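As a plain string of letters, each chain reads:
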Amino acid sequence: IVSLAITDLLLGLLVLPFSAFYELTKEWPFSSTLCNFYTSLDVMLCTASILNLFMISLDRYFAVTTPLRYRQLVTPSRVAVGLVVIWTVSLMVSFLPI
């Protein structure tokens, strides 16, 4: 949940102001490099947000369907691996194409 909160906070602070400015003025007055960075950051943070929601849903699914084995299935090391996978996939999807 903390990872999701950080992702959404970064999205609100780093991406949405530029999106709002672009929507209001209908032009991009900044450099093309900033445009590429902005687009990649937007894709990365949105992807990370979606994957965080997926992992939270998976966690809740295991908690409901296997409550007695939950602590064996969801360990701190597996959670850490999940977070690394979330952020690695998000970075690869967004910044590798540019």
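Keep in mind that what you see is a predicted model, and the values were worked out from it rather than measured.

### Concerning the overall build of the chain
When its secondary structure is counted, the chain shows four helices and zero strands. Reading the chain from its N end, one meets helices and strands in the order α-α-α-α. By principal-axis analysis of the C-alpha atoms, the chain measures approximately 55 × 25 × 15 Å. Of the roughly 6900 Å² that the chain leaves accessible, carbon and sulfur atoms contribute 74%.

### Regarding the UniProt feature "transmembrane region" (unreviewed entry) in the chain
In the UniProt entry, the feature "transmembrane region" (unreviewed entry) is given for residues 37–58 and 79–96. As annotated, residues 37–58 comprises 100% helix and 0% strand, and the C-alpha atoms at either end are separated by 31 Å. Summarising residues 79–96: 94% helix, 0% strand, and an end-to-end C-alpha distance of 25 Å.

### Here we look at the UniProt feature "domain: G-protein coupled receptors family 1 profile" (unreviewed entry) in the chain
UniProt records the feature "domain: G-protein coupled receptors family 1 profile" (unreviewed entry) at residues 1–98, using the numbering of this structure. Split by type, residues 1–98 is 84% helix and 0% strand. Its first and last C-alpha atoms lie 29 Å apart.

### Focus on the packing of helix H1 (residues 2–25) against helix H2 (residues 32–65)
Where H1 contacts H2, the axes come no closer than 9 Å and their chain directions differ by 150°. Relative to H2, the element H1 lies roughly antiparallel. You can see that H1 and H2 cross each other, and the crossing is left-handed. Contacts between H1 and H2 involve Ser 3, Leu 4, Thr 7, Asp 8, Leu 10, Leu 11, Leu 14, Val 15, Phe 18 and Ser 19 on the former and, on the latter, Leu 34, Tyr 38, Leu 41, Asp 42, Leu 45, Cys 46, Ala 48, Ser 49, Asn 52, Leu 53 and Ile 56. Counted by class, the contact of H1 with H2 contains 14 nonpolar, five polar and two charged residues.

### Quick notes on H2
Helix length check: H2 (34 residues) gives 49 Å between terminal C-alpha atoms against 50 Å at 1.5 Å per residue, within 8%. Taken residue by residue, H2 has Tyr 38, Ser 40, Leu 41, Met 44, Leu 45, Thr 47, Ala 48, Ser 49, Asn 52 and Asp 59 as its buried positions. Against H1, helix H3 (70–73) and helix H4 (76–95) lie the buried residues of H2.

Each value, and the rule that gives it
Residues numbered from 1 in each chain as written. Predicted model: local features only at pLDDT ≥ 70, side-chain atom pairs only at ≥ 80, totals over all residues. Heavy atoms only, no water. Helix = DSSP H or I, 4+ residues; strand = E, 2+ residues; numbered from the N terminus. Areas by Shrake-Rupley, 256 points an atom, 1.4 Å probe, with all protein chains shown as cover. UniProt positions renumbered as here; feature names shortened; annotations may be inferred. Axes fitted to C-alpha atoms, helices over the stretch in contact; angles between N-to-C directions. Parallel < 35°, antiparallel > 145°, perpendicular 65-115°, else oblique. Left-handed = near helix turned anticlockwise from the far one by under 90°. Contact = heavy atoms within 4.5 Å. Nonpolar A, V, L, I, M, F, W, Y, C, P; charged D, E, K, R; others polar. Expected span 1.5 Å × (residues − 1). Buried < 20%, exposed > 50% of the residue type's maximum accessible area, 1.4 Å probe, protein only.

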